[in-house]
Amino acid sequence: MIDLNIKEIEGHIVGEYTRQPNQVVDKTTLGMALYNEIDGIIPLGVNDDVTTISYDLTDTVTLDEYFGDNVKRNQMLNALNDMAGSLLQCEKYLINTSYIVLDTSKVYVNKTTKKAYILVLPIKDAVQPVDTVNFFKQVLFAPLDPDDENDYVSKLMTSLNPRVYSLEGFKKEIEELLGEKPKEAANDDWDAEGKSIVEYAKARLEAVKAELKEIEDKEKAVHEEAEAKAKAKEEARKAEEEARAKEEARKAEEEVKAKEEARKAEEAKTEEAEKEVVEETVEEAVEEKETAKAEETVTETATEEKTEEIADVEEVKAFLVREVIETDIEEGTEEKVEQEIPISKNGYVIGSSENADLVIDETEVFPEHARITMKNDEYFIKDLGSATGTFMNGADISQMDDEFPVINGSKIRIGQQEFKFVIK
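Since the structure is predicted, the reported quantities are computational estimates derived from the model, not experimental observations. (Residues numbered from 1 in each chain as written. Predicted model: local features only at pLDDT ≥ 70, side-chain atom pairs only at ≥ 80, totals over all residues. Heavy atoms only, no water.)

Student: I'd like a description of the sheet that holds strand 14 (residues 370–375), backed by residues and values.
Tutor: Where strands meet in a sheet, backbone hydrogen bonds hold them as pairs that are either parallel or antiparallel. Read across the sheet, 5 strands follow the order 13-12-14-15-18 without closing on themselves; strand pairing throughout is mixed. Each edge of the open sheet is held by one strand with a lone partner, namely strand 13 (358–359) and strand 18 (404–406). Bridge analysis of strand 12 (residues 348–351) against strand 13 gives 2 bridges, and the strand direction is parallel. The partner of Ile 350 across the bridge, within strand 13, is Leu 358. (Pairing = 2+ DSSP bridges. Helix = DSSP H or I, 4+ residues; strand = E, 2+ residues; numbered from the N terminus.)

The structure is reproduced here in structure tokens:
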């Protein structure tokens, strides 16, 4: 059973069938129904993409409504005669019965002329298949008027016996019951040359195919134009994204350059300040030396001892080595490199304080976490009372009271930072 959406449009009652995306249109049947005035078929219309098929149902009622509770003899015979005639017309126009809606709720009777019309729905597998014999039997099972002579029903049932049934014979039987003589097949004047019905149907079919081909070509052109527009839009979007990415990269590069120049300027400023401090210190030392001649011997001795101490530190150079990631912004690459941090003094403090010699800015690192010292060319490390520990080659040395010796290649971990102790 098909569903029609009944609505009123500009004073007409219209039944609309909405085609689902997976349903296929039989274009041959559609063309026959669209471009031919077939007697007994309700005219249909379609939109551009054949998603909606509409039928003009103005001034009609369904066959069920027309029959009501008691069907008169002539009502039944006239309706059967009309429907049989409509089916014969469909055969002439090569319309397959699989597209004909044989359902009493979808057969419509004109209120004025009392003529019955059937629907043709040219959608594959949309119509529930019902053979004509069963359909006519279903119609005859309608409630009959008890005051009528209803023996005609048994005669028609006999005509519907599958062994003797033919649509033409069934219609002749109805016409005889109506008091009409069976009409001989007329030679319709289809065209000036007297073509047969089959030849006419074939010619119309070719014309319909040509019209459908033109529709398909237009649809293809529209589809190709839409694809071209979509492609152009996508290319424009990609070009815009590429230009935006280049602009962002340029700004990032300029920002990095600006930061690098600022860093170099700050380093140069720091070096200049350190140089001035050294020069002032040297000048003060010279002045003190000249004005403190009485302590010259002591000063020289202290200087010699200090020189020896400095020499000792310079002779044994120790480093903390860790891995860091360097980013090449121009190349867009990252690389792990080893960073050497020189132990520049005896009593080298590691911690989170800004005053520490090596600052590790982590929450689990204490302000003064650990200290490295040198005695007799040997190095020692001591935890300065942290709660998170100092680890030497995986062992926590924070609980040791004494300093722990550090040898070349030892691994030291403080917080999340791991270093390798290297002596050069």
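Student: I'd like a description of the side chain of Ser 386, backed by residues and values.
Tutor: When you line up the elements, Ser 386 lands in the loop between strand 15 (378–383) and strand 16 (391–392). Engagement of the side chain of Ser 386 in a polar contact is seen with the side chain of His 369, the distance being 3.2 Å. Among the polar contacts made by the side chain of Ser 386, one reaches the side chain of Asp 383 at a distance of 2.8 Å. What Ser 386 contacts, discounting residues up to four positions off in sequence, is Phe 366 and His 369. (Polar contact = N/O pair within 3.5 Å; in protein donor to acceptor, adjacent residues only side chain to side chain. Contact = heavy atoms within 4.5 Å.)

Student: I'd love a proper account of the packing of helix 3 (residues 73–92) against helix 6 (residues 167–177), names of residues and values included.
Tutor: Between helix 3 and helix 6, the shortest axis-to-axis distance is 9 Å and the interhelical angle comes to 150 degrees. With respect to helix 6, the axis of helix 3 lies roughly antiparallel. Judged by the twist between their axes, the crossing of helix 3 over helix 6 is left-handed. Touching Arg 73, Leu 77, Leu 80, Asn 81, Ala 84, Gly 85, Leu 87, Leu 88 and Glu 91 of helix 3 are Leu 167, Glu 168, Lys 171, Ile 174, Glu 175 and Leu 177, all from helix 6. For the contact of helix 3 with helix 6, a count of residues per class yields 8 nonpolar, 2 polar and 5 charged. (Axes fitted to C-alpha atoms, helices over the stretch in contact; angles between N-to-C directions. Parallel < 35°, antiparallel > 145°, perpendicular 65-115°, else oblique. Left-handed = near helix turned anticlockwise from the far one by under 90°. Nonpolar A, V, L, I, M, F, W, Y, C, P; charged D, E, K, R; others polar.)

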